[in-house]
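# Topology and contacts: notes
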Number of protein chains: 2
Amino acid sequence: MESEKKSDLRPFFEPGSVAVFGSLREEWGEGYMVIRNMLHFGFTGNIYPVNPSYSEVLGIKAYPTVNEVKGPIDLAMVITPPPTVPAIIEQCAQKGIKAVIVGTEGFAEAGEAGARLQQQLVDMAHSNGVRLIGPNTIGIVNTSNGLVTNPYPVDYDRIWKGNIAYASQTGFVGAQGQPLEDRAYPISKMCDFGNKCDINEADLLDYLLGDAETKAIALHMEGVKGGRRFMDTLRKVAARKPVLIFKVGRTEQGARASASHTGSLVGSAQVYDAVFKQAGAIQVRTWQEFWEIPKVFASQPLPRGNRLAIVTPTGGAGVVAVDAAVEAGLAIAQLSDATVDRLVRFHANLSGNPVDLGPSMVLTEDPLSVLEGTISAVLDDANVDCVTIVLAAGMERWASATVNMFDRLRQHISKPITIWTYGTTVSMTEEVARQLEAMGLPTYRELETAIKALGIAVHYAKVRGALQGTTSSNSSRG
Amino acid sequence: MESEKKSDLRPFFEPGSVAVFGSLREEWGEGYMVIRNMLHFGFTGNIYPVNPSYSEVLGIKAYPTVNEVKGPIDLAMVITPPPTVPAIIEQCAQKGIKAVIVGTEGFAEAGEAGARLQQQLVDMAHSNGVRLIGPNTIGIVNTSNGLVTNPYPVDYDRIWKGNIAYASQTGFVGAQGQPLEDRAYPISKMCDFGNKCDINEADLLDYLLGDAETKAIALHMEGVKGGRRFMDTLRKVAARKPVLIFKVGRTEQGARASASHTGSLVGSAQVYDAVFKQAGAIQVRTWQEFWEIPKVFASQPLPRGNRLAIVTPTGGAGVVAVDAAVEAGLAIAQLSDATVDRLVRFHANLSGNPVDLGPSMVLTEDPLSVLEGTISAVLDDANVDCVTIVLAAGMERWASATVNMFDRLRQHISKPITIWTYGTTVSMTEEVARQLEAMGLPTYRELETAIKALGIAVHYAKVRGALQGTTSSNSSRG
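The structure contained in this document is the topic of the report that follows.

## Points about the overall build of chain A
Looking only at helices and strands, chain A features 17 helices and 20 strands. The C-alpha atoms of chain A give a radius of gyration of 25 Å, which matches the 23 Å a tight globule of 478 residues would have. In terms of its C-alpha atoms, chain A occupies a principal-axis envelope of roughly 80 × 55 × 45 Å. Among the 478 residues that make up chain A, the fraction classed as buried is 62%.

Here it is as structure tokens:
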């Protein structure tokens, strides 16, 4: 059953033209919504609605069948009732379409009859040289060409363009469910595998390895298919780009829930832990970590060691940060004498790490210059590999000055930093975070996550070194 | 050194009158700020500013010394330079003030000289029958009488009145640092122990046990003082009210950071884990959990068992929820046949738990009635002890209808529920969460926290049963 040959996902992510099969009922039909969303996202290719009941939708000519379309078509998005899907795949094959996303629900996740129908899709596709994503999926996002196949009404049309690829087995990652814009996730590609009847993570990893727009990869997985190939691919990709995995269905009960969600077969948590570790992937443990941790890889250099400096306006947060750091495998940096000399000019107490600015902040009328000088000093310290900054960001009167300060600072930042924004109002805290993210400074909503992100970056730097060592000695033997 | 006698903290939390020692410089002085904040918070008692350089501040008569005040004074808040504090404590004792909060920094947390000065405070207080909170603290909040001793400019004056007491060893818990209003934490009392030279958690627990306004207690602790008495008190209180502890300085490095923050001596994490468990306290592990988990106790009944139902509009979140539930010690409820009969009327697929509403929601024009019917059905099921609801809350057009639906539902809720709000915009998600919190429905920003809160409620219900068993058999022997 399992295809061992390497697939090329370019038709899925970079199609010149897309056929859309589904209801075109205005503001309601799923085909209509896909097309509306593609137009909003600014898709740069041709769109061909296919539906015999319409001659036009959203100003675009519709076709009764895909055969009537004159030009070539690279990708089809299909969201029609389950029994109609096998014949549509056959139509697509006849038209020369090699890539089909089946959005439709009601296959393996819905019971035995659905599983049989899903097998028909697979057989139809394989015998015609067609590759499938899905079924039961919202499909693809590509921020560089405006491709989106999401059939939900997505009320805003800006996703932040960046260099993290997110893949999942749930459409819940889509812009209809997540605050992608508000949280400023820097996205290159997204892929919902749904029931994952054909294309799987190994195919995607292969594609993303060669994708210049993707620096880091985050996978939400319910089950693994094609274990050996997945492992080999994972190992190959992890040597070049960090791969973070949020494995769900870890518990027996979670696995059962997964079976009724995407029809996945899942293994024991212990097996996956061992397998992922061996392949150089890094596991994250919560939904929030899945979204937030990869940001540290989007714009920051890899740390050269694990020595962390913490700059905080409050000693209380400093203690929390130190615990989190040690638990994340980081060491608390011993600041050099030269750094301490620089810090005590601000305040006699500023000699330790965490650098607790509290006492100095209340004595100065220019706390931001103390903060800027402190961050510069610790970044310049050869004993420091990475820095987490606890940033008071809840007060409107300081917000723009704070953002400007980081704009100056980042000009000479050559070590990875993470920022935790906190404050009295959520709206200001989030606004400052967005502005820092826009500068490529990874900014977190939880202190522990900001610290853990650096711990994971340190861990990945080691893993990559080890894997690249292995890879080069392998090739020298080859 | 250690006072073994039970203290009465009423003068600290329920003073009829408060003397404030500190700079009265307008909009800058810490004494000024304390008084300004008390006026904003609507403190109902008398305020006596004490400062020889002023005759009046904010319309209130100031006194050169506390002896000039005619009436009795219950509490003094002192924020003057460190060397002046011992003499002020002596003055307070002469005036008959038995309760003093020392806000001033620069004692044991600042090194040996500070530690000696702190010892002077303690000696002065003990020899005069005065009890101290602090030094190095923002002191007390009591939402029922408007008492606040926070010397930071607190830009808003509403803290949600509720029935959770939060205590800490950092002023970072204060309204100058946390979004107390935005996040709708239902607060009865707050107490920052600072360096904890005299009054400690055992005193506070004793007081809160008898405080009708407090249903649950959350303690942020760097170190424990008076181990035996703390343990006994903890055990006594935990038999009546849940005590959640966020122990920081868990790691050796964290403990060192704590020493320079509040001068605390801390023990090993393993010792604390064992001690807290034995005493019936429940540990939380992150800054967010410290704030969020206690909410489940504020308004919800204790669960009668560990069988959880999950209602979700997305199967993907359902799988994440199930893993989190099992890891939190919950069981996934087996819905009764009667419940399944009710659910399949909405959609043939609604027979499992998690109840995945996804397929039914897209087929109905009235998704909220399906959601309301589903929540009612699982709450009515005798096989269900508690419910977590994954709530799409990011769209403005549904927000008020969603809140109204919960307003109807909560009339007949007799089992604990938690809600996770998610959505496309942070602002709407937070707004819906605040409105649900206002109704007493604990609403979370992370799915895993919403689930863990119920797991902890189940755990506490067992602990309390065991402790009450012990307590009553002890008394029957007594």
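## Things to note about the packing of helix α14 (residues 367-380) of chain B against helix α15 (residues 396-409) of chain B
Residues and elements named next belong to chain B. For the pair α14 and α15, the least separation of the axes is 11 Å and the interaxial angle reads 25 degrees. As summarised for this structure, α14 and α15 are arranged roughly parallel, according to the angle between their axes. The crossing of α14 and α15 is right-handed. Where α14 approaches α15, its residues P367, L368, L371, E372, I375 and S376 are matched on the opposing element by W398, A401, T402, M405, F406, R408 and L409. Taken together, the residues of the contact of α14 with α15 sort by class into nine nonpolar, two polar and two charged.

## What to know about the packing of helix α5 (residues 201-209) of chain A against helix α6 (residues 227-238) of chain A
All names here are of chain A. Relative orientation of the contacting elements α5 and α6 amounts to 20 degrees, with a least axis distance of 9 Å. On the basis of the axis angle, α5 is roughly parallel to α6. Pair α5 / α6 crosses with left-handed handedness. In this structure, α5 uses E201, A202, D203, L205, D206 and L209 to contact α6, whose residues at the interface are R229, F230, T233, L234, K236 and V237. A per-class count over the contact of α5 with α6 returns six nonpolar, one polar and five charged.

## Things to note about the sheet that holds strand β8 (residues 140-142) of chain B
Residues and elements named next belong to chain B. Ordered in space as β9-β8-β11-β10-β12-β13-β14, the seven strands form an open sheet in which the pairing is mixed. On the outer flanks of this sheet lie β9 (147-148) and β14 (282-283), each paired with one strand and no other. Sheet topology note: the β8/strand β11 (residues 187-192) ladder contains three bridges and is antiparallel. What sits directly across from I140, in β11, is C191. Packing of helix α6 (residues 227-238) onto the sheet brings it into contact with β12 (216-221) and β13 (243-247), and relative to β13 it is tilted by some 140 degrees.

## Structural notes on the pattern of salt bridges
All names here are of chain A. A full pass over the atoms with the stated rule returns 47 salt bridges over all chains. Taking the shortest distance from any N to any O, the salt bridge between D203 and R229 comes out at 3.0 Å. Taken as a pair, D203 in helix α5 and R229 in helix α6 lie far apart in primary sequence, 26 residues in all. No difference in accessibility class separates D203 from R229, as the two residues are buried.

## Some remarks on the packing of aromatic side chains
Per the stated rule, a full pass over the model turns up 36 aromatic pairs over all chains. One aromatic cluster is present, built from ring pairs that chain together Y166, F172, Y185, F246, W287, F290 and W291 of chain A together with W420 and Y422 of chain B. Over the ring of Y63 of chain A we find K61 of chain A, and its NZ or CZ is 4.9 Å from the ring centre.

## Details of the relation of the copies chain A and chain B
For the pair chain A and chain B, the best superposition has an RMSD of 0.0 Å and corresponds to a rotation of 180 degrees with a translation of 0.0 Å parallel to the axis. Given the turn and translation reported, the copies of this chain are related as if by a two-fold rotation axis. Judged by C-alpha distance, S427 of chain A is the residue of chain A that lies nearest the rotation axis, at 3.6 Å.

## Re the interface of chain A and chain B
On the chain B side, the residues contacting the 60 residues of chain A number 60 residues. Each partner contributes to the roughly 4500 Å² buried at the junction of chain A and chain B, and carbon and sulfur atoms together form 62% of this total. Here D323 of chain B makes a salt bridge to R250 of chain A, at a shortest N to O gap of 3.9 Å. Our enumeration of links across chain A and chain B arrives at 14 residue pairs in polar contact (both at pLDDT 80 or more). Counting residues per element, the ones that place at least two in the side of chain A that touches chain B are β13 (243-247), α7 (252-262), α9 (287-292), α11 (315-327), β19 (417-422) and α16 (426-438) of chain A. Broken down by class, the residue content of the side of chain A that touches chain B amounts to 24 nonpolar, 21 polar and 15 charged.

## Quick word on helix α12 (residues 337-344) of chain A
Residue and element names in this part refer to chain A. Of the residues making up α12, those classed as buried are T339, V340 and L343. The arc enclosing the buried residues of α12, seen along the axis, measures out at 100 degrees, which places them on a common side. Of the residues in α12, the exposed ones pointing more than 90 degrees away from the buried face are D337 and A338. Along its buried surface, α12 packs onto β17 (355-356) and α14 (367-380).

## Considerations on the side chain of D323 of chain A
Secondary-structure assignment places D323 of chain A in helix α11. Within the buried core, D323 of chain A has no salt-bridge partner, and the shortest N-O distance to an opposite charge, that of R250 of chain B, equals 4.0 Å.

## Let's talk about the pairing of strand β11 (residues 187-192) of chain A
Residue and element names in this part refer to chain A. Burial analysis of β11 places six of its six residues in the buried class, which makes it a mostly covered element. The pairing of strand β10 (residues 161-168) with β11 spans five bridges and is parallel. The residue bridging Y166 from the neighbouring strand is M190, located in β11.

## Quick word on the sheet that holds strand β2 (residues 46-50) of chain A
Residues and elements named next belong to chain A. An order of β2-β1-β5-β6-β7 is seen for the five strands of this open sheet, with the pairing classed as parallel. Whereas interior strands pair on both sides, the edge strands pair on one side only; in this sheet they are β2 and β7 (131-133). This sheet shows a mean twist of 20 degrees between the axes of neighbouring strands, independent of strand direction. Inspection of the sheet shows strand β1 (residues 17-22) paired to β2 by five bridges, in the parallel sense. Bridge pairing links F21 to V50 in β2. The strands touched by helix α3 (residues 85-95) are β1, β5 (75-79), β6 (99-102) and β7; relative to β6, the strand with the most contacts, the crossing angle is about 160 degrees.

## What to know about unusual backbone geometry
Residue and element names in this part refer to chain A. The step from G134 to P135 runs through a cis peptide bond, and the omega angle for that step is -5 degrees. With respect to the helices, strands and loops of the structure, P135 is situated in the loop between β7 and β8 (140-142). The backbone of N136 shows a phi angle near 70 degrees, a positive value even though the residue is not glycine.

Analysis parameters
Residues numbered from 1 in each chain as written. Chains lettered and ligands numbered in written order. Predicted model: local features only at pLDDT ≥ 70, side-chain atom pairs only at ≥ 80, totals over all residues. Heavy atoms only, no water. Helix = DSSP H or I, 4+ residues; strand = E, 2+ residues; numbered from the N terminus. Rg over C-alpha atoms; globule rule 2.2 N^0.38 Å. Buried < 20%, exposed > 50% of the residue type's maximum accessible area, 1.4 Å probe, protein only. Axes fitted to C-alpha atoms, helices over the stretch in contact; angles between N-to-C directions. Parallel < 35°, antiparallel > 145°, perpendicular 65-115°, else oblique. Left-handed = near helix turned anticlockwise from the far one by under 90°. Contact = heavy atoms within 4.5 Å. Nonpolar A, V, L, I, M, F, W, Y, C, P; charged D, E, K, R; others polar. Pairing = 2+ DSSP bridges. Salt bridge = Lys/Arg side-chain N within 4 Å of Asp/Glu carboxyl O. Phe/Tyr/Trp six-rings, centres within 6.5 Å; stacked < 30°, edge-to-face > 60°. Lys NZ or Arg CZ within 6 Å of the ring centre and 35° of its normal. Least-squares fit on C-alpha atoms with pLDDT ≥ 70 in both. Buried area = accessible area lost by both parts, 1.4 Å probe. Polar contact = N/O pair within 3.5 Å; in protein donor to acceptor, adjacent residues only side chain to side chain. Arc of directions from axis to C-beta. Lys, Arg positive; Asp, Glu negative; His and termini not counted.

Interpretation in functional terms is not warranted from these geometric data alone.
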